Each structure stands twice: as C-alpha cells, then as structure tokens.
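Take a look at the letters that make up each chain.
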Amino acid sequence: MPYLGSEDTVRELRRALSNPNVQSDQLRYRNTILKVIRLMSQGVDVSGLFSEMVKACATVDIVQKKLVYVFLCSYATLNPELSLLVINTLRKDCQDPNPMVRSLALRNMTNLRLPSLVEYVEQPLTVGLRDRAACVRRVAVLGWAKLHNLQPSSEIDAAVVNELYGLLRDPDPVVMVNCLRALEEILKEEGGVAINKPIAHHLLNRLKECDVWGQCDVLRILQRYRPQSEDELFDILSLLDASLVSPHSPIMAATLGLFLSLCSGLPAVSLAALERVRGPLLAACGSASREMRFTALCHIQLLLRSVPGLMGAHYKRFFCGYAEPAYIKQRKMQVLVELVNDENVAMLLDELKGYCTDVNTDTAQAAISAIGRIGRSYSDRCLGILTGLLGLKQEHITSAVVQTMRDLVWVCPQCSSTVCLALEGCEEALQDSQGRQALLWLLGVYGERVSSAPYTLEVFIDGVRSEASLGVKMELLTATMRLFLCRPAETQDMLGRLLHYCIEEETDMCVRDQALLYYRLLHCGIGETRKVLQGRRSDPSLGVLIGRPADPVSQWACSFNTLEPLRHGAVEAESATSNSASQSTDPSADVLASTFHDILKLLVLSRLGAEQIKDEDYVCLEKRVQCPVVPHCSPQSLHAAMQLVNIQTLAFTPPNTLPWRVYLYTHAHYAGSANTPQSTLILGELLYTGEERIKVTLKQQPRDDKALKGFLSILTTVLHTLGCGQL
C-alpha cells in the first residue's frame, strides 16, 4: 500500500476511478470516491483527480452524487475550465423527477462560486422558485442570495425580487423564512426587506409554524415595522405574548427586543415586558451551556440598568458554583453587586468573602473588588472583611485588598482611619506593581496617620535601583514628597537620596523629569509646594451618593439581543474614582475617555467661527439666572446636587471668589431618525462676576432644541433650590 498522501496514492486512485471494472461495480466505485473524500478531509491535495470526479457525477446513485459534489465544490475555483463540464450534468439533474436530486443539483450549482457560470445558473434557479417540491424552492430562494453575494455589483432582475416577495406567502414556513433571508442579502443597500402592514401581519400569524431560528429572524426583521394605531400595536403585542415567555431563550430574547422596539413610547409596557421575562432569563442562567449562561448574565446586567430590583428576590440564583469557569463567576459577582440591599447585604458579603480565597487568582481579586464596590454603601461591614483578608498574607489577595482600599477611600474619605490602621506591615506581602502603587498612594496621602510610613518608604527607596516598574518609581516620588510636607524630619534624608538618584542616575526621562519638577518646586518654597501637592480634600463628613437613577429602556434597547452586552466587562459606566497612576481595566474608563473626547470636540467647535459650524451640528445658548447665593455654597453640595439630576461637574472655583465659575456636562438621549435612540452632549458654564444674575452658557452637539431646553429648565431648578438652601 503506498504511503498516505504521496503522489503514488493519488496515482492509484486515478487508475481506480478510470478502471471500467470499478466503474461497473457501483459499490466499489462509491468506495473509491469515498477514499478520495477522506483524503481531501485530511488535507491531502487531490485536485489532480478533478476530471475523473467530473465523470463520476453522471450517476443515478444519489449517495455518489453527494460525495462527488462535495469534491467539485471544494476544487472548482482551482479548475474553472473543467468546472464548465459539470454544469451540463447539474442542469440535467435540475430536471430529474426526484425532488431530492433537483434540490441537490441547485444547491451545488450555486456552491461552485464561479462568476463565469452565473449565466448558466440563473435559468434553473428561476424555474426552481416555481417548483412543486418545497425542498427545491428552499434551495432556489437561497441560491439567489448566493448569486448576489458572488456578484454584489450586479443588479438582480426586479421580477425575481417580486417573485421572492410573493414567496413570503409560500405554504412552507422554511421557504418563507429563506425568502426573508435572501431579500435581506439582495436588498442590503436599500435597507433590507420592506415591511408593510400586510406582510407584518402575515409573518406574525405564521410565526409559530417556523423553527426556533426562523422565528428569531422573523422577529428581528419585524422591528422595522411601526404600527399605524395603538389598537394595532396592542393586537401585535397580544400575538407576541406567548413568545415572550418561550422556553427557547433565543425566541424569548428576540421577542423582548421586538417588544422594546414597538413600545419605545410606552415605558410602562416596556417595564411590564421586562418583568415577564424574568423567569426565562433565570432559567437561561441555569442552562447546561456555559455560553448560554454567560449571555443571559450579560443581558440581565443590561436589564438591571432600568429595573434595579428586577432580580432582587432571586439573588441566590447568582451564587457561584464550584465548577463554573472564572468568566461566569466574575459576571455573577457583578450582578450580585447590583442586587445588594439592606436585607441581603450580610449574606451577599459572606458569600463574596468565600470567593476571595478561590484557587483562581482572577476570581479572588474580582470578589475583593466586588466587596469594595459594595463598601461605597456599606463601608463598615466591607472594611472589616477587607482587613481580615490582609491577615492571610497571600500576595494576590493583599494586592487586591490594598487597591480596593485605595479606591474606597477615594470616594469614602471617612474610611481613611480604618484603612490607615490596616496598612501596617502589609508591604511585605506585596510583589506586583499595581499593589505597590496603591500602597504608595495611600502612604503619600495619609502618611501622617501611619506611624511606619517613613520606614516603609525607606525600604522602597533603598531598592529603587532594582525597581523595574516605572509606575512604582513615579508614585514613590510623589508619596515621598507628600510625606515630607507633613513629616519633614523623618523624610528629609531619604527624599534627598531619592531625588539624587532619579535626577543623576535614572535613565527613564519620565521619572527624571518628574524628579526635576519636584526639585525645582522645593526651591520655590514649602508654601508653593504645598499648594501643588496638597490640594483640597473631600470633607469626611460628606455622605456618599449611593445608587444611581434608573436609565430609560430606550437608552439600551437597540443593543439588546446583540453582541454589544458581551463585548464589555460591565454594562454600567462607573465614575473614574481610582488614582490616575493605576491601570484600570474597567470599561468605565473607555466610557469616560469617550465622554471627554466628545467634550474636547465640543470645545474645539465653540472656538471656531460661526460660519464654520453647521446649524444642525452645534448650538450655543446664553441665559442669565437670578440666584446670587449659589456661588457661596460648598463645592461638595453643588456637586452632590448636580449628581442627583445626572449632571456631572468638570471643575469649579472655590466659593466666595470672583469671578466664580463652574463647568459641567451631561448626555441627553432622544429619538433620532427611524426612532433610533441617539445621544447629544451638553456642555455648560456658570459664571458669576458679582452681579445679581449668574450667566449660564450652554453648548450642544449634535443639536436638539428640546433636550437643550429641558436641561436648562432642570439646571435652573437646581440652582434655585440650592439658593433657597443657603438663605
């Protein structure tokens, strides 16, 4: 027997295929062809047998035909001239009395994928659309889509498009769905299938006849239809009611997507639909398929943005199983954070505490981060757990806890005393750069409360020559400078050694430039240095704003049942609370970066001349509001009041200073063309120069007058409320 894959093997198969004795024995001939297909599937080049296989397709044996067609479709592009020989056989098979043979011939005629054969394929496909057998019509409909895909620049005859529209009423549901798919491909540049009232009602009435994926396609395409009256809308919703609680997750998701699309102007109906799908979504979270579980969790996070209490009573369903993969555990922990309330916080924290010692380090660190997020609302309980985890002296746990504590005191400064007590001695278990940067930041900001802070920094300074992380070096410089300002006697010598090394010996220009900046800053005097390094801190007595207002369903409805919820590590965009030196992987960083990119773009537009800006893209509005007491309120009160109405403050001057300015922004959502939700950015400036009124300047892009007037009304109400509170 020749070696498998050698030229001798192909030569032997060629002799066997050409042997009249083998050709006369149907079973031997089929087995020889089967050997060719087996070699082809193993990656052996058997394209040299193309002419012999062309001859083999002229047979009445349907099994042999299928085998030969697999070969021919695989190697047709390598042998375009010889492929012409196959067309005659295929066209002849298209007239065979057996519908299976006709459908097989049509399918493989389009699968040859040769532009030179298009003229020979069109006529059989046209005849196939009118075939009495449903299996032939199914193949013929999809064949036109393949033909268009082969030559996208060419236009398909309008008569064919009309015939495909007519086949939407075919008695076979698969033919109907295939017509939708084919028309979507053919009419892609025109926006896909045109759905009018008769077509929409016909598809809805025949929805249950389709298989699972057919129903999904129909429901997806029906999102383009807009009912002409409220009665028609509720008739459609009644027809879809059973599909909304379907045991098949794809159908349920597609139906909910259609519900949200149809009810964009009826928020109460949308919320009722979200309540209805709670059961199917929870069932999908327990699916045997890991992919299905992950997808269900992603979409549950999306729903919780508008209905935070949707899964509150079922929080135990999101407890992690021991054998679950890490990516599902981490997603479940994100959901658990959303479901925390006064009644279940103890049980959830106890559950998350168990995950902190998971064998998977990523899962353990995600659990610690989740506890930190809960700590923004329940700081005392969470700090007790985090402090206890430091006692384990495990590197990855200590690192995650220190980073979490840094993020926690940033938003909850009242926790700083407990955090400072917990930092004693934890530097010994820190090895990774992120954990050391977090520790250095804490020692720099709260070093006057940590008795061992100078000695800890001295250990870092003594080993700075062997330090590989540039981030640690830069954080060490800042921390030492800050500690010097509050404990100069203990820090002066080590600060001098650190600055000397960074200026004279350090090779990285970023570290060297930062050291030079601090060195020159010290020459300006301690007072100037304090102004730069010890800025205004948050008031520890200021409470933390917990929770967030529910987002409108229209804000995320267009991304439901798509890949969008799966792309991001978290759906919610959180405020950037961590230190700028830390490297965050939270998707909120991407959202924040995108927001500031839009703000910078708007600022650039505002600097251009009016003749360079299109009216529909940009608008500027100025108005004066009478509330002179507001400039005397604290920045924290102003910031908290704006947060309550979803307005973000960018910067503000200290109170009782003239001129007094505040810069703020917000995103407003509105229905754009085709009722698709769009976002507009509004950037505002409040200016008080001592007069009776505050000058309010608003800039918006893209233009939406209704959103701008609504924002101005809300802003005016907040300013008057603050003014009344200061009287």
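Here the structure is a predicted model, which is why all the values come from computation and not from measurement. Per chain, the residues get numbers from 1 upward, laid out in the order the sequence is written. Thresholds applied to this predicted model are a pLDDT of at least 70 for local features of residues and 80 or more for the giving and counting of side-chain atom pairs; totals over whole chains, interfaces and linings are not thresholded and use all residues. Hydrogens and water are ignored here; the side-chain numbers use all heavy atoms of the structure.

Peer 1: Just checking my understanding: could you explain the overall build of the chain for this structure?
Peer 2: When you go through the chain residue by residue, the secondary structure sums to 34 helices and five strands. Note on contacts: a residue pair is in contact if any heavy atoms of the two residues lie within 4.5 Å. Of all intrachain contacts in the chain linking residues separated by at least 6 positions in sequence, the fraction that spans at least 24 positions is 65%. For accessible areas, the Shrake-Rupley method is used with a probe of radius 1.4 Å. Any residue's cover is judged against the shown protein chains and nothing else. Carbon and sulfur atoms provide 53% of the accessible area of the chain, an area that totals close to 35400 Å². By definition, any uninterrupted DSSP run of H or I lasting at least four residues is a helix, any uninterrupted run of E lasting at least two residues is a strand, and each is numbered from the N terminus.

Peer 1: So what exactly am I meant to see when it comes to helix H3 (residues 26-41) here?
Peer 2: Quick reminder: α-helices carry 3.6 residues per turn. Residues three or four places apart thus point the same way. To estimate the expected span of a helix, subtract one from its residue number and multiply by 1.5 Å. In this model, H3 (16 residues) spans 23 Å end to end at C-alpha, consistent with the 22 Å of a helix rising 1.5 Å per residue. Buried, partly exposed and exposed residues are distinguished by accessible area as a fraction of the type maximum, computed with a 1.4 Å probe on protein chains only: under 20%, between the cut-offs, and over 50%, respectively. Among the residues of H3, Tyr29, Thr32, Ile33, Val36, Ile37, Leu39 and Met40 are the ones counted as buried. All buried residues of H3 lie within an arc of 160° about the axis, which places them on one face of the element. With respect to the buried face of H3, the exposed residues turned more than 90 degrees away are Leu27 and Ser41. Summarising the geometry, the arc corresponds to the directions from the helix axis toward the C-beta atoms.

Peer 1: How should helix H10 (residues 158-166) be read in this particular structure?
Peer 2: Among the residues of H10, Val160, Val161 and Leu164 are the ones counted as buried. Each buried residue of H10 lies within a common arc of 100° when the element is viewed along its axis, so the set occupies one face. Residues of H10 that are buried make contact with helix H9 (134-150) and helix H11 (173-186).

Peer 1: What exactly am I supposed to notice about the packing of helix H21 (residues 361-375) against helix H23 (residues 395-411) here?
Peer 2: Helix packing geometry: the angle between the two helix axes and the distance between the axes. For every element, the axis is a line fit to its C-alpha atoms; helices are fit only across the contacting stretch, and the angle between N-to-C directions ranges from 0 to 180 degrees. Relative to each other, H21 and H23 sit at 25°, their axes nearing to 9 Å. By the criterion of interaxial angle, the relationship of H21 to H23 is roughly parallel. Relative to H23, H21 is oriented so that their crossing is right-handed. Residue-level inspection shows Thr361, Ala364, Gln365, Ile368, Ser369, Gly372 and Gly375 of H21 in contact with H23, the latter providing His396, Ile397, Ala400, Val401, Thr404 and Leu408. Nonpolar residues are Ala, Val, Leu, Ile, Met, Phe, Trp, Tyr, Cys and Pro. Charged residues are Asp, Glu, Lys and Arg, and all others, Gly as well, are polar. Per-class residue counts for the contact of H21 with H23 are six nonpolar, seven polar and no charged. Working rule for angles: under 35 degrees goes down as roughly parallel, over 145 as roughly antiparallel, 65 to 115 as roughly perpendicular, anything else as oblique. Left-handed describes a crossing whose near helix is turned anticlockwise from the far helix by less than a right angle; the clockwise case is right-handed.

Peer 1: Got a minute to help me understand the nonpolar core in this structure?
Peer 2: The tendency in soluble globular proteins is for nonpolar side chains to be buried as a group. In this text, buried Ala, Val, Leu, Ile, Met, Phe, Trp, Tyr and Cys residues form a nonpolar core when linked through side-chain atoms within 4.5 Å. Counting 192 residues, the largest nonpolar core has Val46, Met53, Phe71, Leu72 and Phe318 as its most contacted members. Here this core gets nine residues from one element, more than from any other, and that element is helix H15 (residues 249-262). Residue-level mapping places this core at the junction of two domains, with at least three residues from each of domain 1 (5-222) and domain 2 (432-535). For Leu72, the residues in contact, after removing those within four places along its chain, are Phe50, Met53, Val54, Cys57, Val86 and Leu112. For the purposes of this description, domain bounds are those given by an automatic or database domain assignment.

Peer 1: I keep staring at the packing of H15 against helix H16 (residues 267-276) and nothing clicks. Help me out?
Peer 2: Where H15 meets H16, the closest approach of the two axes is 9 Å, and the angle between their N-to-C directions is 165°. The angle between H15 and H16 places the two elements in the roughly antiparallel class. As H15 packs across H16, the resulting crossing turns out to be left-handed. Residues Leu256, Phe259 and Leu260 of H15 touch H16, and the partners they reach there are Ser270, Ala273 and Leu274. Residues belonging to the contact of H15 with H16 are distributed by class as follows: five nonpolar, one polar and no charged.

Peer 1: Sorry, what's going on with unusual backbone geometry here?
Peer 2: Leaving glycine out, the prevailing phi sign among residues is negative, and the prevailing peptide bond configuration is trans. A positive phi is found at Arg113, a non-glycine position, where the angle reads about 55°. For Arg113, the position within the fold is in the loop between helix H7 (99-111) and helix H8 (118-128). The phi torsion at Lys393 lies on the positive side, around 60°, for a residue other than glycine. The exposed category is assigned to Lys393, whose relative accessible area is 51%.

Peer 1: What's the story with empty space enclosed by the protein in this structure? I'm lost.
Peer 2: Empty pockets left among the atoms are what a rolling probe the size of a water molecule brings to light. Method remark: on a 1 Å grid restricted to protein atoms, a set of points is classed as a cavity if a 1.4 Å probe fits but cannot get out and as a pocket if it is open with protein on both sides within 12 Å along at least five of seven lines; lining residues have an atom within 4 Å of a point. Grid points are joined across faces, edges and corners, and a volume is the space filled by probe spheres set on the points. What the rule picks out here adds up to five cavities of 30 Å³ or more. Counted as a void, the largest cavity has a volume near 60 Å³. Along its surface, the largest cavity is lined by Met109, Thr110, Leu112, Arg113, Leu114, Leu117, Val118, Val121, Lys146, Leu147 and Leu150. Elements supplying a minimum of two residues to the lining of the largest cavity: H7, H8 and H9. Here the lining of the largest cavity gets three residues from one element, more than from any other, and that element is H9. Considering only residue class, the lining of the largest cavity consists of eight nonpolar, one polar and two charged.

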